[in-house]
Amino acid sequence: MIEVRGLSFSYGDFSVKDVHFKAKEGEVLTLLGPNGSGKTTILKNVYGLLKPEKKCVFIDGRNFHSMSLRERAMIAGYVPQSHHPPFPYTVLDVIVTGLASQLSVFESPRKEHYDKALEKLRLLGMEHLRDKPYTQLSGGQIQMVLIARALVQEPKVLLLDEPTAHLDFKNQVKILGVVKKLTREEGITAVLTLHDPNLASIYSDRIALVKEGRIRAIGKPSTILREDTLEEVYGIPVHILEFDGFRIILPRAEVI
Ligand SMILES: Nc1ncnc2c1ncn2[C@@H]1O[C@H](COP(=O)(O)OP(=O)(O)O)[C@@H](O)[C@H]1O
Ligand SMILES: [Mg+2]
């Protein structure tokens, strides 16, 4: 269980103000909002890549930002929006870097570390990529490898920043399906960011709508994804259709 109690942060001309949310074990919580609304800033503050005004992130009741770096790395995994290593490391080598906090400066990864990396690749059905240079992967494969790298420490909480950005339809579905499976089968708590309300509608247990650095509403997709709230957050008129228990959001585009 992760709990954020009043997260505030400022870049100067942009601020995140008094963000509160909780996500339970096995839950997918999505921060949904337009470009520039502050989703990445919130996620980086939660993980500690940016420093919030006060230490306000609790995992299983413990203050996350008061823990050592090693302990933090074992409790939460972060999947960045993009990651470009400068050298053509193999996929397995990239995943092993997820264990860096468990190795001392002069220590090289050993067989047990590579075995763990392989286990996570297998879990994601990507074992065949183990020796491929990371620089030769497709966007969907890169995202899978970054998830495997975050999983290698067996974190309780996984933070994923726009895991579907730049992916085609099939890979969007595949990646979010994997995230859902990890929460259901491994009991991981996933907090992710998305800008597409339809993907959020399908894959989230709960959604937090983000606008101008604040959470405007939080709850189940069926209560959050309403025409008035979405119009307020995205600034365009929308229609919502119900189909098979899902909400489908359509822009009410003017035909010119
Ligand atoms: N390093 C930075 N320095 C100053 N402002 C930044 C920096 N990174 C992001 N911002 C600003 O913070 C706001 C929110 O950005 P971001 O959190 O990336 O939004 P989102 O992820 O929702 O698209 C934007 O106005 C952006 O320009
Ligand atoms: Mg972002």
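Every value quoted in this text rests on a predicted model; they were computed, and no experiment measured them.

Colleague: Which residues make up the pattern of salt bridges, and what values go with them?
Modeller: Here the structure, examined in full by the defined rule, presents 21 salt bridges. With its nearest N and O atoms 3.3 Å apart, the salt bridge here joins R110 to E112. Given a relative accessible area of 37%, R110 falls into the partly exposed group. Between E212 and R216 there is a salt bridge, with its nearest N and O atoms 3.8 Å apart. Take R216: its relative accessible area is 35%, and that puts it in the partly exposed class. Within the structure, one salt-bridge network assembled from shared partners comprises K211, E212, R216 and E232.

Colleague: Give a detailed account of the pairing of strand β11 (residues 238-243), specifying residues and quantitative values.
Modeller: Two faces, one strand: in a regular strand the side chains alternate between the faces of the sheet. Pairing of β11 with strand β12 (residues 246-251) involves 6 bridges; the strand directions are antiparallel. Of the residues in β12, the one forming a bridge with F243 is F246. Here β11 hands over to β12 after 2 residues, with D244 in that stretch at a positive phi of 55°.

Colleague: Break down the sheet that holds strand β6 (residues 76-79) for me, citing the residues and quoting the values.
Modeller: Overall, mixed pairing links the 6 strands, which are arranged β6-β7-β8-β3-β9-β10 in an open sheet. Of all strands in the sheet, those bounded by a partner on one side alone are β6 and β10 (214-219). Strand-to-strand twist in this sheet, taken as the mean axis angle between neighbours without regard to direction, amounts to 15°. Relative to the sheet, helix α1 (residues 39-47) contacts β3 (28-32), β6, β7 (157-161), β8 (189-194) and β9 (206-211), its axis offset from that of β7 by approximately 150°.

Conventions and cut-offs
Residues numbered from 1 in each chain as written. Chains lettered and ligands numbered in written order. Predicted model: local features only at pLDDT ≥ 70, side-chain atom pairs only at ≥ 80, totals over all residues. Heavy atoms only, no water. Salt bridge = Lys/Arg side-chain N within 4 Å of Asp/Glu carboxyl O. Buried < 20%, exposed > 50% of the residue type's maximum accessible area, 1.4 Å probe, protein only. Pairing = 2+ DSSP bridges. Helix = DSSP H or I, 4+ residues; strand = E, 2+ residues; numbered from the N terminus. Axes fitted to C-alpha atoms, helices over the stretch in contact; angles between N-to-C directions. Contact = heavy atoms within 4.5 Å.

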